[in-house]
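Structural description and commentary
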Amino acid sequence: MSSSGYKNPNDFILNERVLNKSSKVKKFLLNLHKKIKPIATEELKLLEKEKKSEIFSYDADFYEKKYKEKKSSLNFQDVSKYFPFFKVFNYLLNLNKELFDLEFTPCEAKPPHPEMLVYNVYDLKTKTNLGIVFFDILWRDHKEVGAWAAELHYSKETKQRVVSFNTNFDTENGSRNLNDILLDVSDIKTLFHEMGHAIHFICPKIKYHSHSSETIEWDFIELPSQLYEKWVEDENVLYSMSGHYKTNQKMDKSDIKKLLDSEKDFQALNYQFLISKSILDIKLHESKKIKDIAKLEYNVLKKYQPIAPLKNVSRMMSFSHFFGGGYDVGYYSYVYANVLDSNVWD
């Protein structure tokens, strides 16, 4: 035990988490891995049958999509034509109003970048302005990859916040027009996910700002965002937000059902990827001395991932979640939040 009173650095970091010890996190991950492994193994066989040979990490997504399209008789590129960006975005803003009495209205404030959208957020119950959200939707050079939301500023005087909402969507024709963005189900889930974060950040009702938003238990922080994603699994929600980008025609309800059914395929396989990276995260930070970090990564992923990792290829070197942004010894939060949001949703 160190002079700080903790057995290892992981326990020090996890002290203010829901799962507050490394042993609890490992028990949770290993127990889930054991339960999911047989299902993931069968799902991998389906992919190998589709490819007619061994599946690798770099082609798994391709054959997963191919299998889903064949099974559902849908072309996912055609499906995205029913979900233009503003159709989904405006539905999402209306949902915020319906669920939380939050009204998002365009704001004249000058954004940091001309392509951003700026919205005021009003609490209709208290008739107060909670702050503004910058929506930075389009991909561009030198922009951080992925999607995220963050609180940029908090005013002690007005109690208002400035929140950034970031994605990296692209258009089919390479234009810089948001009207040309067509979304697939994964993109729609990303929008809902980040909106869950944004709402959490902009309207906490607490006495001390230091207790809000990103300062809560880190393995709880993904609950609001992943819980909001659950709406995308509702047939009526997808139907309501659909509208072909040319004709505004709704997507056929039977096709929406097929689409959502296809989303259930390969869930165990994808969970195993999350679990294996979560275990790697724990191993990295609990090891006192690592002689060969690439070898450690390979051995952990080989043991816990159904699809064998590639030799001499290290993804974690460009995976910022392991080393910054609050997710060090915390990547398991995504897996843990999935368990929490399932319980809450049910």
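Predicted model only: the values in this text are computed from it and were never measured.

1. Overview of the packing of helix 10 (residues 267-286) against helix 11 (residues 293-304)
One way to put it is that helix 10 packs onto helix 11 with a least axis distance of 9 Å and a crossing angle of 140°. Crossing of helix 10 over helix 11 shows right-handed handedness. For the pair formed by helix 10 and helix 11, the contact residues are Q272, S276, K277, I279, L280, K283 and L284 on the first element and I293, L296, E297, V300, L301 and Y304 on the second. Split by residue class, the contact of helix 10 with helix 11 holds eight nonpolar, two polar and three charged.

2. Let's talk about the nonpolar core
If you look at the biggest cluster of nonpolar residues, it comprises 87 residues, and the most contacted ones within it are F135 and M195. With residues up to four places along the chain from it excluded, the contact list for M195 reads L92, L93, N96, F104, F135, F165 and Y228. V118, I132, F134 and V162 belong to the second-largest nonpolar core, a separate cluster that totals five residues.

3. Observations concerning a nonpolar patch on the surface
Together, I290, I293 and M317 line one region of the surface with nonpolar side chains, adding up to about 240 Å² of accessible area. Positionally, I293 belongs in helix 11.

4. Notes on the packing of helix 10 against helix 12 (residues 333-345)
Helix-helix packing is described using two parameters, namely the angle between the two axes and the distance between the axes. At their nearest, the axes of helix 10 and helix 12 sit 9 Å apart, and the two run at 130° to each other. Considered as vectors, helix 10 and helix 12 are oriented oblique to each other. Counting all contacts with helix 10, which are made through Y271, L274, I275 and S278, the residues of helix 12 involved are Y334, V335 and N338.

5. Examining helix 9 (residues 253-263)
One turn of an α-helix holds 3.6 residues; hence residues three or four places apart share an orientation. Those residues of helix 9 that fall on the buried side of the exposure criterion are I256, L259, L260 and S262. Axial view of helix 9: buried residues confined to an arc of 155°, hence all on one face. The inward-facing, buried residues of helix 9 abut helix 3 (60-72), helix 4 (76-80), helix 6 (185-202) and helix 8 (235-241).

6. A look at the sheet that holds strand 1 (residues 102-106)
Here we have five strands laid out as an open sheet, ordered 1-2-3-5-4, and mixed in their pairing. Because the sheet does not close on itself, it has two edges, and the strands there are strand 1 and strand 4 (148-154). Here the strands of the sheet are splayed against their neighbours by 25° on average, with no regard to which way each runs. Summarising the sheet, strand 1 and strand 2 (residues 117-123) pair through five bridges and their orientation is antiparallel. Counterpart to T105 in the pairing with strand 2 is N120. Taken strand by strand, helix 5 (residues 85-100) contacts strand 1, strand 2 and strand 3 (128-138), and its axis lies near 140° from that of strand 1. Sheet strands touched by helix 6: strand 1, strand 2, strand 3, strand 4 and strand 5 (161-169). Its angle to strand 5, the strand with the most contacts, is close to 170°.

Thresholds applied
Residues numbered from 1 in each chain as written. Predicted model: local features only at pLDDT ≥ 70, side-chain atom pairs only at ≥ 80, totals over all residues. Heavy atoms only, no water. Axes fitted to C-alpha atoms, helices over the stretch in contact; angles between N-to-C directions. Helix = DSSP H or I, 4+ residues; strand = E, 2+ residues; numbered from the N terminus. Left-handed = near helix turned anticlockwise from the far one by under 90°. Contact = heavy atoms within 4.5 Å. Nonpolar A, V, L, I, M, F, W, Y, C, P; charged D, E, K, R; others polar. Core = buried A, V, L, I, M, F, W, Y, C linked by side-chain atoms within 4.5 Å. Buried < 20%, exposed > 50% of the residue type's maximum accessible area, 1.4 Å probe, protein only. Patch = residues over 30% accessible without salt bridge, like charges linked within 9 Å, V, L, I, M, F, W, Y side chains within 5 Å. Areas by Shrake-Rupley, 256 points an atom, 1.4 Å probe, with all protein chains shown as cover. Salt bridge = Lys/Arg side-chain N within 4 Å of Asp/Glu carboxyl O. Parallel < 35°, antiparallel > 145°, perpendicular 65-115°, else oblique. Arc of directions from axis to C-beta. Pairing = 2+ DSSP bridges.

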